[in-house]
Amino acid sequence: MTRPAARSGSRASADRLARLLNLVPYLLARPGIEIAEAAGDLGVTERQLREDLELLWVCGLPGYGPGDLIDMAFDGDRVTITYDAGIDRPLRLTPDEALALVVALRMLAETPGVANREAVERALAKIEDAGDLVGAPVAVRLPGDTRRVEALRAAVEGGKALRITYYTAARDETTERVIDPLRMLMVGGRAYVEAWCRRAEAVRLFRADRIDAITELAEPATVPPQAVPQDLTEGVFRPSPDLPLITLRVGRGGRWITEYYPCERVEAGDGDQWLVSLRVTDLGWARRFVLGLGPDATVVAPVELAEQVRATAAAALDAYAVPAPTATPRRPAADSVTADPAGPVGAASGDPAVAGRTQ
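Residues numbered from 1 in each chain as written. Predicted model: local features only at pLDDT ≥ 70, side-chain atom pairs only at ≥ 80, totals over all residues. Heavy atoms only, no water.

Regarding its fold elements, the chain presents 10 helices and 12 strands. With 359 residues in all, the chain has 31% of them scored as buried. If you take every contact in the chain between residues at least 6 apart in sequence, the share linking residues at least 24 apart comes to 57%. Accessible surface computed for the chain: about 22,900 Å², of which carbon and sulfur atoms make up 53%. (Helix = DSSP H or I, 4+ residues; strand = E, 2+ residues; numbered from the N terminus. Buried < 20%, exposed > 50% of the residue type's maximum accessible area, 1.4 Å probe, protein only. Contact = heavy atoms within 4.5 Å. Areas by Shrake-Rupley, 256 points an atom, 1.4 Å probe, with all protein chains shown as cover.)

What follows deals with the sheet that holds strand 9 (residues 245–250). Remark on secondary structure: sheet strands pair via backbone hydrogen bonds, oriented parallel or antiparallel. If you walk across this open sheet you meet the four strands as 10-11-9-12, and the pairing is antiparallel. The open sheet has two edge strands, strand 10 (265–268) and strand 12 (297–301), and neither has a second partner. On average, adjacent strands in this sheet sit at an angle of 25° to one another, irrespective of strand direction. In this sheet, strand 11 (residues 274–279) lies alongside strand 10 in antiparallel orientation, the contact comprising four bridges. Among the inter-strand pairings, Val-266 is bridged to a residue of strand 11, identified as Val-276. Here helix 8 (residues 283–293) sits on the sheet in contact with strand 9 and strand 12, set at roughly 5° to strand 9. (Pairing = 2+ DSSP bridges. Axes fitted to C-alpha atoms, helices over the stretch in contact; angles between N-to-C directions.)

With that out of the way, let us pick up the pattern of salt bridges. Applying the stated rule across the entire model yields 11 salt bridges. Notably, a salt bridge pairs Glu-267 with Arg-265, separated by 3.0 Å at the nearest N-O pair. Exposure remark for Arg-265: the relative accessible area of 39% places this residue in the partly exposed category. Each member of the salt-bridge network shares a partner with another, and the members are Asp-180, Arg-198 and Glu-219. (Salt bridge = Lys/Arg side-chain N within 4 Å of Asp/Glu carboxyl O.)

In this structure, Ile-246, Leu-248, Val-250, Ile-257, Val-299 and Leu-305 are the most contacted members of the largest nonpolar core, which totals 20 residues. Broken down by secondary-structure element, the contributors of at least two residues to this core are strand 9, strand 11, helix 8, strand 12 and helix 9 (303–320). Ranked by residues supplied to this core, first place goes to helix 8 with six residues. When sequence neighbours within four positions are dropped, the list of residues in contact with Ile-246 reads Val-276, Ser-277, Leu-278, Val-280, Leu-283, Ala-286, Ala-301, Pro-302 and Leu-305. Counting 17 residues, the second largest nonpolar core, distinct from the first, contains Val-24, Ile-33, Leu-56 and Val-79. (Core = buried A, V, L, I, M, F, W, Y, C linked by side-chain atoms within 4.5 Å.)

This next bit is on unusual backbone geometry. Residue Pro-302 follows Ala-301 across a cis peptide bond; omega there is 0°. Of note, Pro-302 is situated in the loop between strand 12 and helix 9. Of note in the backbone geometry, Glu-201 takes a positive phi value of approximately 55° without being a glycine. Looking at the element boundaries, Glu-201 is found in the loop between strand 6 (190–197) and strand 7 (202–207).

Attention now moves to the packing of aromatic side chains. The geometry of two aromatic rings is summed up by the distance between their centres and the angle between their planes. The full count for this structure, using the stated rule, is eight aromatic pairs. With 6.3 Å between their ring centres and 50° between their planes, Trp-256 and Tyr-261 make a pair best called tilted. The partly exposed category is assigned to Trp-256, whose relative accessible area is 41%. Ring centres of Tyr-260 and Tyr-261 lie 4.9 Å apart, and the angle between their planes is 70°; this geometry places the pair in the edge-to-face category. Taken together, Trp-256, Tyr-260, Tyr-261, Trp-285 and Phe-289 form an aromatic cluster joined through their ring pairs. (Phe/Tyr/Trp six-rings, centres within 6.5 Å; stacked < 30°, edge-to-face > 60°.)

This part takes up the sheet that holds strand 6. Spatial ordering of the open sheet is given by 7-6-5-4-8, a layout of five strands whose pairing is antiparallel. Each edge of the sheet is formed by a strand with only one pairing partner; in this case those strands are strand 7 and strand 8 (211–220). On average, adjacent strands in this sheet sit at an angle of 45° to one another, irrespective of strand direction. Sheet topology places strand 4 (residues 160–168) next to strand 8; six bridges connect them, and they run antiparallel. The residue of strand 8 that forms the bridge with Tyr-166 is Ile-211.

This is the structure:
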C-alpha cells in the first residue's frame, strides 16, 4: 500500500506570502537594485522574483484602483518601488497577537539547546514593553522535570562532567555512567542531553526524563576530538540496514504505529489488517513493543521474535494461573476400597483452559 504524498501547496503559499511582505520594504531600501542581486539576497531565482513582482502589481489597498495598487518602475534589469501601499508602516500587533508572541518566545527561551538565548530574551523584552505585557501572568514550562533539565543545562554551560543513573528502554536496564555533555536539545517535544559517554566510549543521546539521578562532578567535561554531535534533522532514531527488520500483521487498532515509527513497508492485508515492516534497535525492545500492542499485532517475521513473544506471554499466563484445588481426602466406605484411577481433577495435565490460551 502506498501512502499519498503530503500536500505542500499551503506551505508554499505561506512561504510566498511571507516573501512578498518582506519584498516591498527590501526594495524600498534599495531603489534601482538589479533583479539578479535582489534574487541572490532573497534566496530565490530571477524567474521567481519576476513572478513575485508581477503579483505585487495587483496587490494593494481596498478599492484596488490605479492609486491603490503597489506600483514600481523598471529600468532594464533594475527595479524601483514607486508606491508601497503602506506596507512600509511598522507592524501593529493586537493584544492577542502580542500575547501569542510572548508565549512563543518564552517557550523558546525555555527550550534546551537554543542558541543566542540573549537575543530571544531581548526580543521578548521589547514585545512585552511595546504591548504593555511586562509581568503578564503567563507561565511557560516544558513537559518533564524542570529541575533535571536545568541541572543538565547548567552542566553543559559550565562545562562540567556528570555522573548519571540512566534507564535504557531498549534493553530494559538501569546503568550508572559518567558523561561529558556536549549540548542540550529538544527533539519531538522531549529534552535530551548529547554527551560523550565514558562507559560506551562514544557519543550518546540521553533522554532527560529517563535520567533517575544526576551528580555534577568537580572535574571539567573532557570531550575527545572524535566526539562529533549527531545530525538529528531526521529524528532521534535513524533506521539502518544493519538493524533487525521485523514484520507485523496489525489490525485497525494498531495502525497508529505507522505514523509514530519509521516504517520500511506498509501493505494492505486481509480485511482490515496491514503488514508493517520496520527496523528496531534490538529484538528485546521489539518483544516488549509487540506485547504492548496486545491482540492487535501478530509477528510475521523473524521467527526468533515470534518465539520470544510466545514464551513471554506463556510465562505471564502461568504466573496468573490458579492451581487446581486438591481433592480433600475422604475415609473410604467400608464396602469400597478402590481408588479413583483418574486421580485429583487436573492433576495429570494441568488446567486445559490455561494450556489452550498459551498455544
